[in-house]
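# Inside the fold
Each chain, letter by letter, is given below.
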Amino acid sequence: MSRFRTVVVMLLLQAGGIVSAAQAPALVSGGGPGHIFFADEVPRLTITLSPAPAERSLVLETRNWLGHSVARREITLPAGEVQVQSDLPAALGVYTLALREGETVVALSEHYEQVAAAIIPRPRHLGLRPQSRFGMNAGFAFMRTAEDRLRTAQVLQMTGIKWARPGIMWDQLEPQPGVWDFGHWDETLRVCEEYGISCCGLTGAGAPAWARRDPKAYFSPPRDVAEYRNYMKRV
């Protein structure tokens, strides 16, 4: 199971910068949740672009989890054609794909410029086993979108990871003194419950800037024990 854990951790750290509102993202399909392929499958992704009236030249690059380029293709796409297929390397591991048209990065999802994919051994047992004690820190607290949280829960379920340790971050719950927002945490619990993931919440981390001794240091201790006690009581 340790190999699964490594793959899933890397997969959830989505690669690439955040997409600007002006970009029109491509659609990437293939594999299971999070573009996971089993080692006995053909690891092929299909990238669907917006149609263009003229021929265009693209460069598709695949990198491994160390950031080393393992494949680079120059593609000439005739006018009107919208699909590009990419086979991942056969070796087990996590890969990221980036697509460029000239000097322009073509966003490969609604929120990220690049997309991650993985090739893993086929598990002996697919899905969750209720008696499993295996879990991981899935990073729910730092996920930017509901789509990220949903995909993460699907990957955990698919690879048999029964437990997750989401952080109940103070700065997310009380961004301003007395202003509480449990929306992120409620959504995390809802999606985990939907996919059968049990949660062991981590409290006490990430004081908001207004409550830190040093507002510039994220892991600074709280300035006032009473404020910290109130946070713990609300949670």
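Everything below is about the structure printed above this text.
This report concerns the structure included in the present document.

Definitions and limits used
Residues numbered from 1 in each chain as written. Predicted model: local features only at pLDDT ≥ 70, side-chain atom pairs only at ≥ 80, totals over all residues. Heavy atoms only, no water. Pairing = 2+ DSSP bridges. Helix = DSSP H or I, 4+ residues; strand = E, 2+ residues; numbered from the N terminus. Salt bridge = Lys/Arg side-chain N within 4 Å of Asp/Glu carboxyl O. Buried < 20%, exposed > 50% of the residue type's maximum accessible area, 1.4 Å probe, protein only. Core = buried A, V, L, I, M, F, W, Y, C linked by side-chain atoms within 4.5 Å. Contact = heavy atoms within 4.5 Å. Axes fitted to C-alpha atoms, helices over the stretch in contact; angles between N-to-C directions.

### Concerning the pairing of strand E7 (residues 93–101)
- By the bridge criterion, 6 bridges tie strand E4 (residues 56–64) to E7 in an arrangement that is antiparallel. Paired with Val-59 across the two strands is Arg-100, which belongs to E7.
- Here 3 bridges tie E7 to strand E8 (residues 104–106), and the two strands are oriented antiparallel to one another. Along E8, the bridge assignment pairs Arg-100 with Val-105.
- Hairpin connection between E7 and E8: a loop of 2 residues separates the two successive antiparallel strands, and Gly-102 in this loop has a positive phi of roughly 65 degrees.

### Some remarks on unusual backbone geometry
- In this structure, His-35 is a non-glycine residue whose phi angle is positive, near 55 degrees.
- Inspection of the secondary structure assignment puts His-35 in the loop between strand E1 (27–29) and strand E2 (36–38).

### What about the sheet that holds strand E12 (residues 198–199)?
- The 3 strands are arranged E10-E11-E12 in an open sheet whose pairing can be described as parallel. Looking at the sheet topology across the chains shown, the edges are occupied by strand E10 (135–136) and E12.
- Sheet topology note: the strand E11 (residues 163–164)/E12 ladder contains 2 bridges and is parallel. Along E12, the bridge assignment pairs Trp-163 with Ser-198.

### Considering the pattern of salt bridges
- Scanning the model with the defined rule gives 11 salt bridges in all.
- Put simply, Arg-151 and Glu-147 hold a salt bridge, and the shortest N to O gap is 3.4 Å. Pair noted here: Arg-151 and Glu-147 are both in helix H2 (residues 146–158), with a separation of 4 residues, about one helical turn.
- Take Glu-147: its relative accessible area is 38%, and that puts it in the partly exposed class.
- Salt-bridge contacts for Arg-151 lead to Asp-148; the nearest nitrogen and oxygen are separated by 2.7 Å. Remark: Asp-148 and Arg-151 occur in helix H2; sequence separation between them is 3 residues, near one turn of the helix. Considered together, Arg-151 and Asp-148 belong to a single accessibility category, that of buried residues.

### Looking at the nonpolar core
- Ranked by size, the top nonpolar core spans 20 residues in total, and within it Ile-47, Leu-49, Val-84, Leu-88, Leu-99 and Leu-108 carry the most contacts.
- When residues of this core are traced back to their parent elements, those giving at least two are strand E3 (44–48), E4, strand E5 (69–77), E7 and strand E9 (115–120).
- Sequence-distant contacts of Val-84, defined by excluding residues within four places in its chain, comprise Leu-45, Thr-46, Ile-47, Leu-49, Leu-58, Leu-60, Arg-73, Ile-75 and Leu-77.
- Counting 13 residues, the second-largest nonpolar core is a separate cluster that includes Phe-134, Ala-138, Met-143 and Ile-197.

### Brief notes about the sheet that holds E1
- Sheet architecture is open: 3 strands sit in the order E1-E3-E6, paired in antiparallel fashion. The sheet terminates laterally at E1 and strand E6 (83–87), the two strands that pair on one side only. Looking at each pair of strands side by side, their axes are set apart by 20 degrees on average, direction ignored.
- The sheet contact formed by E1 and E3 spans 3 bridges and is antiparallel. Within E3, the residue paired with Ser-29 across the bridge is Thr-46.

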